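The chain contents come next:
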Amino acid sequence: MPELPEVESIKKIVSPVFIGQKLIKYSVNDERTNRFNTANPRNLGVLLDVSRKGKVLDFTFNDYSIFFHLGMSGRIDINSKTNKHTRAEFIFNKDCLFFDDIRKFGYIKFTSNQLKDELLQLIGPDILELSIENKRNILKKGQNSKVTIKNFLLNQKNMSGLGNIYVNEVLHKANIHPLSSTEKLNKNHWKRIFLYSKKVLTLAINNNGTTLDDMTYFLPNGSYGSNQKFLNIYNKNTCNKCKNKIDKLYIDNRSSYVCKKCQFLIN
Ligand SMILES: [Zn+2]
């Protein structure tokens, strides 16, 4: 958390506010948030575009770009007050953007526009924009992968956008057990994974993301997401397809939910 739908929902709100505004000054006040930066931009200029790849939000200026990664608990606020978790401030000519992050897994990365494409290439293709060639490559990579399908899908180098909540949802819809061996999945399994990844994430975007009971995720305008009402397996006790009891297990310390009747272990 936040995953692709949350970042996309944030993008939809910040874009119309900040595109066209001039960045007057900024500060990144936390070493950890600033950990990937060696040089900082000087000629600030006007924000030209806001885009997204996977979970990375990309603010493009004339000479440089700023990547925001929200990690586990990062949040972007507009014109709010700073608090003890505010790690960075961006003062534009009309509005201010604050980056808050309680757990500090997130980061802000400045990059020249020349280097930017190279950096974005390190992230796998965005799940909502997979070409036929992307899908073929992912399938091939999967056939040589010794990890579980859950770990494969969480690895942003393979394809980008899924985190723990939506990977549980996608595998439930696709009837695949999260501990299945990636190398044993066939074309049909992959077809279902691609199909339901798109469906699950699109629904979540339409609902402005998922706000869990901890209420850590909310939008830059202060409103909450509503996709939690549409989750089928994450944090649930019974399967909505077959009414069977859902098992909770941990894969690499991350909660996984499985319906043994609906999800088949392939290995
Ligand atoms: Zn079931």
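Residues numbered from 1 in each chain as written. Predicted model: local features only at pLDDT ≥ 70, side-chain atom pairs only at ≥ 80, totals over all residues. Heavy atoms only, no water.

## Regarding the overall build of the protein
(1) Moving on: Helix and strand counts for the protein come out as six helices and ten strands.
(2) Moving on: Against the globule reference of 18 Å for 267 residues, the protein gives a C-alpha radius of gyration of 19 Å, in line with a compact fold.
(3) Moving on: Its C-alpha atoms give the protein principal-axis dimensions of roughly 55 × 35 × 30 Å.
(4) Moving on: Considering the protein as a whole, with its 267 residues, one finds that 53% of them fall into the buried category.
(5) Moving on: Of all intrachain contacts in the protein linking residues separated by at least 6 positions in sequence, the fraction that spans at least 24 positions is 64%.
(6) Moving on: For the protein, the exposed area adds up to about 13,200 Å²; of that, 49% sits on carbon and sulfur atoms.
(7) Moving on: In the protein, the 42 positive side-chain charges and the 24 negative ones have mean positions that sit 7 Å from each other. (Helix = DSSP H or I, 4+ residues; strand = E, 2+ residues; numbered from the N terminus. Rg over C-alpha atoms; globule rule 2.2 N^0.38 Å. Buried < 20%, exposed > 50% of the residue type's maximum accessible area, 1.4 Å probe, protein only. Contact = heavy atoms within 4.5 Å. Areas by Shrake-Rupley, 256 points an atom, 1.4 Å probe, with all protein chains shown as cover. Lys, Arg positive; Asp, Glu negative; His and termini not counted. Charge placed at Lys NZ, Arg CZ, Asp CG, Glu CD.)

## Brief notes about the domain arrangement of the protein
(1) Moving on: As far as domains go, the protein holds domain 1 (4–121) and domain 2 (127–258).
(2) Moving on: Between the C-alpha centres of domain 1 and domain 2 there is a distance of 26 Å.
(3) Moving on: Taken together, the contact between domain 1 and domain 2 spans 17 residues of the former and 20 residues of the latter.
(4) Moving on: Contact between domain 1 and domain 2 buries roughly 1,600 Å² in total, counting both sides, with carbon and sulfur atoms accounting for 65%.
(5) Moving on: When residues of domain 1 are sorted by the area they lose upon contact with domain 2, Leu4, Glu6 and Arg75 head the list and together hold 32% of the total.
(6) Moving on: At the junction of domain 1 and domain 2, the tally comes to five residue pairs in polar contact (both at pLDDT 80 or more).
(7) Moving on: Every element with two or more residues in the side of domain 1 that touches domain 2 is listed here: helix 1 (4–18), strand 2 (49–53) and strand 5 (74–78).
(8) Moving on: Element by element, the count of residues in the side of domain 1 that touches domain 2 is highest for helix 1, at nine residues.
(9) Moving on: Its residues assigned to classes, the side of domain 1 that touches domain 2 comprises seven nonpolar, two polar and eight charged. (Domains from an automatic or database assignment. Buried area = accessible area lost by both parts, 1.4 Å probe. Polar contact = N/O pair within 3.5 Å; in protein donor to acceptor, adjacent residues only side chain to side chain. Nonpolar A, V, L, I, M, F, W, Y, C, P; charged D, E, K, R; others polar.)

## As for the coordination of the zinc ion
Octahedral metal centres with six donors ideally show angles of 90 or 180 degrees, and tetrahedral centres with four donors ideally show 109.5 degrees.
(1) Moving on: Note on the zinc ion: its protein donors are Cys239 (SG), Cys242 (SG), Cys259 (SG) and Cys262 (SG). The metal-donor distances range over 2.3 to 2.4 Å.
(2) Moving on: Sequence spacing of the donors to the zinc ion: C-x2-C-x16-C-x2-C. Neither Cys259 nor Cys262 differs from the other in exposure class; each is buried. (Donors = N, O, S within 2.8 Å, 3.2 Å for Na, K, Ca; no water.)

## What to know about the packing of aromatic side chains
(1) Moving on: Applying the stated criterion across every chain, the model contains 13 aromatic pairs.
(2) Moving on: Cluster of aromatic residues (ring-pair linked, three or more members): Tyr26, Phe59, Phe68, Phe90, Phe99 and Phe110.
(3) Moving on: A cation over a ring is seen here: Arg32 above Phe105, with NZ or CZ 5.9 Å from the ring centre. (Phe/Tyr/Trp six-rings, centres within 6.5 Å; stacked < 30°, edge-to-face > 60°. Lys NZ or Arg CZ within 6 Å of the ring centre and 35° of its normal.)

## A look at the pattern of salt bridges
(1) Moving on: One pass over the structure, following the stated rule, counts eight salt bridges.
(2) Moving on: Of the charged contacts, one joins Glu8 and Arg52 as a salt bridge, the two residues approaching to 2.6 Å between their closest N and O atoms. In this pair, Glu8 sits in helix 1 while Arg52 sits in strand 2, placing the two residues 44 residues apart along the sequence.
(3) Moving on: Residues Asp30 and Lys104 are paired through a salt bridge, measuring 2.8 Å at the closest nitrogen-oxygen approach. Taken together, the residues span a long stretch of sequence, with Asp30 in the loop between strand 1 (23–28) and strand 2 and Lys104 in the loop between strand 7 (96–101) and strand 8 (107–112) at a distance of 74 residues.
(4) Moving on: In this structure Asp30 comes out as buried when scored by relative accessible area, which is 11%.
(5) Moving on: Each of Glu8, Lys11, Arg52 and Asp126 takes part in one network of salt bridges that share partners. (Salt bridge = Lys/Arg side-chain N within 4 Å of Asp/Glu carboxyl O.)

## Side note on unusual backbone geometry
Phi is mostly negative for residues that are not glycine, and the peptide bonds are mostly trans.
(1) Moving on: The linkage connecting Met1 with the following residue, Pro2, adopts the cis geometry, with an omega of -10°.
(2) Moving on: In this structure, Pro2 sits in the segment before helix 1.

## Observations regarding the sheet that holds strand 1
Within a beta sheet, neighbouring strands are joined by backbone hydrogen bonds and run either parallel or antiparallel to one another.
(1) Moving on: As summarised here, the arrangement of the four strands in space is 1-6-7-5, forming an open sheet in which the pairing is antiparallel. What marks the edges here is a single partner per strand, and that holds for strand 1 and strand 5. Along the sheet, successive strands turn relative to each other by an average axial angle of 15°, direction set aside.
(2) Moving on: Sheet topology note: the strand 6 (residues 86–92)/strand 7 ladder contains five bridges and is antiparallel. Bridging from a neighbouring strand, Thr86 pairs with Asp100 of strand 7.
(3) Moving on: Of the strands in this sheet, strand 5, strand 6 and strand 7 touch helix 1, which is tilted by about 35° from strand 5. (Pairing = 2+ DSSP bridges. Axes fitted to C-alpha atoms, helices over the stretch in contact; angles between N-to-C directions.)

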